[in-house]
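# What the coordinates show
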Amino acid sequence: METGPWVRATTKPANRENSVKICCQRGSHRFQPKPPLSPLDAMTISRFRQAAEAKEFLITAEVTPPKGGNPERMLAVAAKLRGRVHGVNVTDGSRAVLRMSSIAACVLLQQRGIEAICQMTCRDRNLIGLQADLMGAYALGLRNVLALTGDPLKAGDHAKARPVYDLESVRLLSLIRSLNQGLDFNQAPLVDGRLDLFPGAAVDPQLKSWSGLQSRFERKLTAGAQFFQSQLITDFDRLDKFMTQVAVGCGKPILAGIFLFKSAKNATFIRRVVPGVNIPDALIDRLARAEDPLKEGVAIAAEQVKLAKELCQGVHLMAIKKEELIPEILDQAGIAPLKGINPQS
């Protein structure tokens, strides 16, 4: 039965629910059970996924990989988030700026007991590379993937690089779904075990085109997105409208993007250079009047977390170069440390 204004994919017959379609050379097909998971699956359980499926209020935070071979700064930043977030979201060449592989950075985090959400973009990998990296990430213990198209190269620091874009985010989600079913892009079986990744997608509730937003959200749902992370939110009336008119009944957690503005200058810069971001003058004026703009920025972020908690199932915190303030933001918002996670482990 349809719920909400978007249309869901047709449900498969009950007797084929746990089957995958194997295409033969002559075009015929047969159905057979999904291949079993690798023993690795039992070794790595996603707490983020468990919390999402249990309808808990989700908290994630963004961390940037190092530019170079020394990950200590990133690891030190992430360590301060242990026990306060369900997952640390690691960027993959954000703004097309060179950084360490998101997969390598995520593995380093998980080796230290910090659950990672691995961003993966289509910009820098062809179809073979995407599948190889997804299989490799799974074998290394990564379970959460945020499927992204990738920022255009003109925004970055390597003008001579060439974009790939064999896929974009919706088709990447479909590819992950196939790999989870034990099939590669060509519908050939994964003879060494299927994957069991937990894929997410980006969404922008403040997109100017409402019909475009609805269409894109529907396509990502149909392609298999299990959670959604929004761009930074400043218009919570718009978020409310999105939740009640587009996302209603979808059954997937929406995490509102909360950005720590460090000063009026910082907010003005973000408004100018980040496409689609509309930061109101009132917010910039409030930062400009503050005796301590950073402290005021923390207070604003905490207020936004409270607003988001009334509207959706989580928040994604972005505090670039000030990640150590995320626990303070959560404290001011009345969000207690997570149960069952030792901050010192």
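Located above this text is the structure these notes cover.
Notes on the structure in this doc start here. (Residues numbered from 1 in each chain as written. Predicted model: local features only at pLDDT ≥ 70, side-chain atom pairs only at ≥ 80, totals over all residues. Heavy atoms only, no water.)

In this section: the pattern of salt bridges. The tally for this structure, following the rule as stated, stands at twelve salt bridges. Residues Asp124 and Arg123 are paired through a salt bridge, measuring 2.8 Å at the closest nitrogen-oxygen approach. Under the relative-accessibility criterion, Asp124 is labelled partly exposed at 44%. By relative accessible area, Arg123 is classed as buried at 2%. (Salt bridge = Lys/Arg side-chain N within 4 Å of Asp/Glu carboxyl O. Buried < 20%, exposed > 50% of the residue type's maximum accessible area, 1.4 Å probe, protein only.)

Attention now moves to the packing of aromatic side chains. Tallying each qualifying case throughout the model produces six aromatic pairs. Seen in terms of ring centroids, Phe198 and Phe227 are 5.5 Å apart; in terms of plane orientation they differ by 25°. Their pairing is stacked. Remark: Phe227 occurs in strand S8 (residues 227-232) and Phe198 occurs in strand S7 (residues 198-203); sequence separation between them is 29 residues. Taking relative accessible area as the criterion, Phe227 reaches 1% and is therefore assigned buried. Ring geometry for Phe217 and Phe228: centres 4.5 Å apart, planes at 40°, overall tilted. Of the two residues, Phe217 sits in helix H7 (residues 210-223) while Phe228 sits in strand S8, which places them eleven residues apart along the sequence. (Phe/Tyr/Trp six-rings, centres within 6.5 Å; stacked < 30°, edge-to-face > 60°. Helix = DSSP H or I, 4+ residues; strand = E, 2+ residues; numbered from the N terminus.)

Here we take up the packing of helix H6 (residues 169-181) against H7. Describing two packed helices takes the angle between their axes plus the distance from one axis to the other. Here H6 crosses H7 at 15°, and the two axes come no closer than 8 Å. Viewed along their axes, H6 and H7 adopt a mutual orientation that is roughly parallel. Viewed along their axes, H6 and H7 form a crossing whose handedness is right-handed. Of the residues in H7, those touching H6 at Ser169, Val170, Leu173, Ser174 and Arg177 are Arg216, Arg219, Lys220, Thr222 and Ala223. Each residue belonging to the contact of H6 with H7 can be placed in one class, and the counts come to three nonpolar, three polar and four charged. (Axes fitted to C-alpha atoms, helices over the stretch in contact; angles between N-to-C directions. Parallel < 35°, antiparallel > 145°, perpendicular 65-115°, else oblique. Left-handed = near helix turned anticlockwise from the far one by under 90°. Contact = heavy atoms within 4.5 Å. Nonpolar A, V, L, I, M, F, W, Y, C, P; charged D, E, K, R; others polar.)

Attention shifts here to the sheet that holds strand S4 (residues 87-90). One closed barrel accounts for eight strands, arranged S3-S4-S5-S6-S7-S8-S9-S10; its pairing is parallel. Averaged over all pairs of adjacent strands, the angle between strand axes in this sheet comes to 30°, irrespective of strand direction. Relative to strand S10 (residues 314-318), strand S9 (residues 254-259) is paired through five bridges, and the arrangement is parallel. Looking across to S10, one finds that Leu255 is bridged to Gly314. (Pairing = 2+ DSSP bridges.)

Of all six residues in S9, six are buried, a share of seventy percent or more. The alternating pattern of S9 places Ile254, Ala256 and Ile258 on one face and Leu255, Gly257 and Phe259 on the opposite face, and all of these are buried. In this structure, S8 lies alongside S9, joined through three bridges in parallel fashion. Residue pairing across strands places Gln229 opposite Leu255, the latter belonging to S9. In the classification by handedness, the crossover that spans S8, the intervening helix H8 (residues 236-245) and the parallel S9 is right-handed. (Right-handed = clockwise from strand over helix to strand, strands pointing away.)

Leaving glycine aside, a negative phi is the common case for residues, and trans is the common case for peptide bonds. For Ala96, which is not a glycine, the phi torsion comes out positive at approximately 60°. When you line up the elements, Ala96 lands in the loop between S4 and helix H4 (102-111). Not every positive phi belongs to a glycine, and Tyr165 is a case in point at roughly 55°. Within the secondary structure, Tyr165 is located in the loop between strand S6 (144-148) and H6. A residue is classified by how much of its surface remains accessible, and Tyr165, at 30% relative accessible area, is partly exposed.

Another aspect to go through is a positive patch on the surface. There is a patch of like positive charges on the surface, built from Arg73, Arg95, Arg99 and Lys321. The exposure class of Lys321 is exposed, given its relative accessible area of 72%. (Patch = residues over 30% accessible without salt bridge, like charges linked within 9 Å, V, L, I, M, F, W, Y side chains within 5 Å. Areas by Shrake-Rupley, 256 points an atom, 1.4 Å probe, with all protein chains shown as cover. Lys, Arg positive; Asp, Glu negative; His and termini not counted. Charge placed at Lys NZ, Arg CZ, Asp CG, Glu CD.)

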